[in-house]
Amino acid sequence: MATDIIFLHAPSVYDFRKKPIFYGPISDVVPSSPVFEMYPIGFMTMSAHLEEAGYRTRIVNLAVQMLQSKKFDAEKLIRKLDAKVFAIDLHWMPHAHGALEVAKIVKEHHPDSVVELGGFTSSYFHEELIKRDEVDMVMRGDSTEIPHIKLMDALTEGKDLSDVPNLTWKDKDKRVHVNDMSFIPEDLDWLKFDYGTVIRNALRHRDIKGALPWLGWDKLPLTSVFTVRGCSYECVECGGSGFANRKVLCRSRPAFRSPEKLAEDMSSIQDYLKAPIFVIGDLRQGGKDYAERFFSEIKKRGLKNHVALELFKPADEEFYKMANSALGEYTMEFSPDSHDETVRRTLGRNYDNAAIEKTVKSAFENGCTRFDLFYMTGLPEQTRESAINSVKAARGLWESVKKEDRLFIYNAPFAPFVDPGSKAFESPEELGYRFFARTLEEHRRLLDNPSWKHVLSYETKWMTRDDIAETSYDAALELAKIEFKCGRSSKEMYDARTERTGTAKAMLRKIDDILLIKDARERESELWSLKDEGDKLMLSTVCNKKDLDWKTGSIWSNTPRIITGMVKSFRK
């Protein structure tokens, strides 16, 4: 069956299976593995809009399939694919290696097809990307659904591409053109948000594995909806901050999806899956009225799925009361990043520790079934002592709530890169950062290093690369000890976690020693001798990653609901 556009998701490093890489704890607090196999939710919305416009689309998650089987041949699959356009996401920086390598393979086997890159990182580095032989065009911006329809119309009709908004492209003579960033929608209610599109496409192409959002999603599915594109907060280290949006995406203000549409999206998910729904973005960004309307609409619709809500700052009791009244079951996600108030103020988070303790307590007093709290190592103004003190503060937080309250506290390194477009990336001296990479190519080369410590793109005035790596492990050991002493983990869990973290810390030092070997062949041989052990440590290096799982049934247990949902969607 002919396909007009194929969305390809690459692993962070291509081919990670054939490289002696020790990933460390860089993805311990996100659903995906260190291969970062989770594709952006924009694949789904772009596919939905293009399908509605009459174009055949397909999502192919190469990274998931490479993780599923050592025998899977990504290049062989790419060679068999056929499409007018191959759209590869380079959304966040950790894909700087894999996305470009996949682009080369596509261009080699499909020289007459268009190779397009898109996402935040692509938007930032579009002028560097378009100079590469394997890249024909870059789609810039955070809302490229309509520009993609215009692009496909122009390519299908053989028209000039100058009128396609947000596009950087090369003509047949290899001359570069940069079209205006003219499509920056002020709201998101026009957006087609439909999980059914992904399900139908997976069935159409008989490729459920290839369409999985990340490894294991079929067994423990987690869905998501987004409240906003852009941000009203100015967190200095974030590539999705208001500052970064203005600089990279020309977005001067956030664009919101109305609470009514958001509730509709969540009801649509419930039609297909009894799976948790993660609401991306703090509901209060749109104002108090926004959150009130959302909870009112959700209550009216009788949503039963578990819901995870995100906080960008502490919430008051009224917020939790509304959540408790409207939602059957809900959890909270909150990232203060540091318990050190000086560090937090530097990051742009102007609230005190008393507010953190109060918001955690209020959540559990108002029906919250789980609260996830995240700290990081490698921040401006953060010393080793400050980082360790953040995890020591976990004791007070655990003691402030009941033993049965499911409060999970995580600490992980700020890794592997500082986001391009963030204030930290643009004004490193002001915030005490020193960088080992500035260009896209320099970041791509860093990803080829054998140790996550050497992949780090930065160090700070307060901590070197070595300090950040060592402190990350020491903070993890301290947090595990406090968790055990507070009765939050068993002796067996504590021993397993400390042994794993200790092994990872020792491996980091082994790799440092191996890198001192002058003979290249011997050095490579020694690195390969650690490959199997390193692969075993890919997950749960500094925390128990299973803590991140929500209770849910597999997609196969949802089969009757999926069929009903698809029938319902065809009737609309």
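Summary of the structure given here.

So, how was this worked out
Residues numbered from 1 in each chain as written. Predicted model: local features only at pLDDT ≥ 70, side-chain atom pairs only at ≥ 80, totals over all residues. Heavy atoms only, no water. Helix = DSSP H or I, 4+ residues; strand = E, 2+ residues; numbered from the N terminus. Buried < 20%, exposed > 50% of the residue type's maximum accessible area, 1.4 Å probe, protein only. Polar contact = N/O pair within 3.5 Å; in protein donor to acceptor, adjacent residues only side chain to side chain. Contact = heavy atoms within 4.5 Å. Salt bridge = Lys/Arg side-chain N within 4 Å of Asp/Glu carboxyl O. Expected span 1.5 Å × (residues − 1). Right-handed = clockwise from strand over helix to strand, strands pointing away. Pairing = 2+ DSSP bridges. Axes fitted to C-alpha atoms, helices over the stretch in contact; angles between N-to-C directions. Phe/Tyr/Trp six-rings, centres within 6.5 Å; stacked < 30°, edge-to-face > 60°. Core = buried A, V, L, I, M, F, W, Y, C linked by side-chain atoms within 4.5 Å. 1 Å grid on protein atoms, 1.4 Å probe; cavity = no way out; pocket = protein on both sides within 12 Å on 5 of 7 lines; lining within 4 Å. Points joined across faces, edges and corners; volume = space filled by probe spheres on them. Nonpolar A, V, L, I, M, F, W, Y, C, P; charged D, E, K, R; others polar. Parallel < 35°, antiparallel > 145°, perpendicular 65-115°, else oblique.

Quick word on the side chain of T460
In this structure, T460 sits in strand β17 (residues 458-460). With a relative accessible area of 1%, T460 lands in the buried category. Among the polar contacts made by the side chain of T460, one reaches the main-chain amide nitrogen of W462 at a distance of 3.1 Å. Other than its neighbours up to four places away in sequence, T460 contacts G378, L379, G432, Y433 and R434.

Quick notes on the pattern of salt bridges
Summed over all chains, the structure comprises 42 salt bridges. For K104, the salt bridge identified is with E101, shortest N-O distance 3.2 Å. Note that K104 and E101 are positioned in helix α4 (residues 96-109) at a spacing of three residues, about one turn of the helix. The salt bridge involving E430 is made with K423; its shortest N-O contact spans 3.7 Å. You can call K423 partly exposed: its relative accessible area is 30%. Residues participating in the shared-partner salt-bridge network are E101, K104, R132, E134, E441, R444 and R445.

Considerations on helix α7 (residues 145-157)
End to end, α7 covers 19 Å across 13 residues, agreeing with the expected 18 Å (1.5 Å per residue, within 8%). All buried positions along α7 are accounted for by E145, P147, H148, I149, L151, M152 and A154. Positive backbone phi, at 70 degrees, marks G158, one or two positions downstream of α7.

Let's talk about the pairing of strand β2 (residues 57-61)
With five of five residues buried, β2 is to be regarded as a mostly interior element. Residues T57, I59 and N61 point to one face of β2 and R58 and V60 to the other, with burial holding for every one of them. Crossover strand β1 (residues 3-9) to β2 through helix α1 (residues 42-52) is right-handed.

Topic: the sheet that holds β1
If you walk across this open sheet you meet the seven strands as β2-β1-β3-β4-β5-β6-β7, and the pairing is mixed. Since the sheet does not close on itself, it has two edges, and those belong to β2 and β7 (176-178), each with one partner. On average, each strand axis in the sheet is inclined to that of its neighbour by 20 degrees, with strand direction left out of account. As judged from the five bridges shared by β1 and β2, these two strands associate in the parallel manner. Bridge pairing in β2 places L8 opposite V60.

Topic: the packing of aromatic side chains
Throughout the structure, instances matching the rule amount to 21 aromatic pairs. Taken together, a centroid distance of 5.4 Å and an interplanar angle of 90 degrees make the contact between Y233 and F312 edge-to-face. One end of the pair, Y233, is in the loop between β9 (228-229) and α9 (242-249); the other, F312, is in the loop between β12 (307-311) and α12 (317-326), with 79 residues separating them in the sequence. Its relative accessible area of 19% is what places Y233 among the buried residues. Classification of F312 as partly exposed rests on a relative accessible area of 26%. Ring plane angle 5 degrees and centroid distance 6.0 Å describe the contact between Y433 and F435, whose orientation is recorded as stacked.

Describing the nonpolar core
Core analysis: the biggest nonpolar cluster contains 77 residues, and L283, F295, L309, M332 and F371 have the highest contact counts within it. With sequence-adjacent residues up to four places away left out, M332 is seen in contact with L309, L311, F319, Y320, A363, C368, R370, F371 and D372. By size, the runner-up hydrophobic cluster in this structure holds 75 residues, among which are A415, A437, M507 and L530.

A short note on empty space enclosed by the protein
For the structure on display, the rule yields six cavities of 30 Å³ or more. The volume enclosed by the largest cavity comes to roughly 110 Å³. Across the lining of the largest cavity, the residue classes break down as eleven nonpolar, three polar and no charged.

With respect to the pairing of strand β3 (residues 83-89)
On a regular strand, each side chain points to the face opposite its neighbour's, so the side chains alternate between the two faces of the sheet. Here β3 lies mainly inside the structure; six of its seven residues are buried. Here five bridges tie β3 to strand β4 (residues 114-118), and the two strands are oriented parallel to one another. Within β4, the position partnered with A87 by the bridge is E116. In terms of handedness, the path from β3 via α4 over to β4 forms a crossover that is right-handed.

Quick word on the packing of helix α21 (residues 465-485) against helix α22 (residues 491-514)
Where α21 contacts α22, the axes come no closer than 10 Å and their chain directions differ by 170 degrees. Put simply, α21 runs roughly antiparallel to α22. The segment α21 lies against α22, with A469, E470, Y473, D474, A476, L477, L479, A480, K481, E483 and F484 engaging K491, Y494, R497, T498, T501, A504, K505, L508 and R509. Considered class by class, the residues forming the contact of α21 with α22 number ten nonpolar, two polar and eight charged.

Observations concerning the side chain of N245
By the secondary structure assignment, N245 is in helix α9. The class of N245 is buried, set by a relative accessible area of 2%. Within polar-contact distance, the side chain of N245 engages the backbone oxygen of G240 at 3.0 Å. Discounting chain neighbours no more than four positions away, the residues touching N245 are D142, G230, C231, G240, C250 and R251.

These figures capture arrangement, not role.
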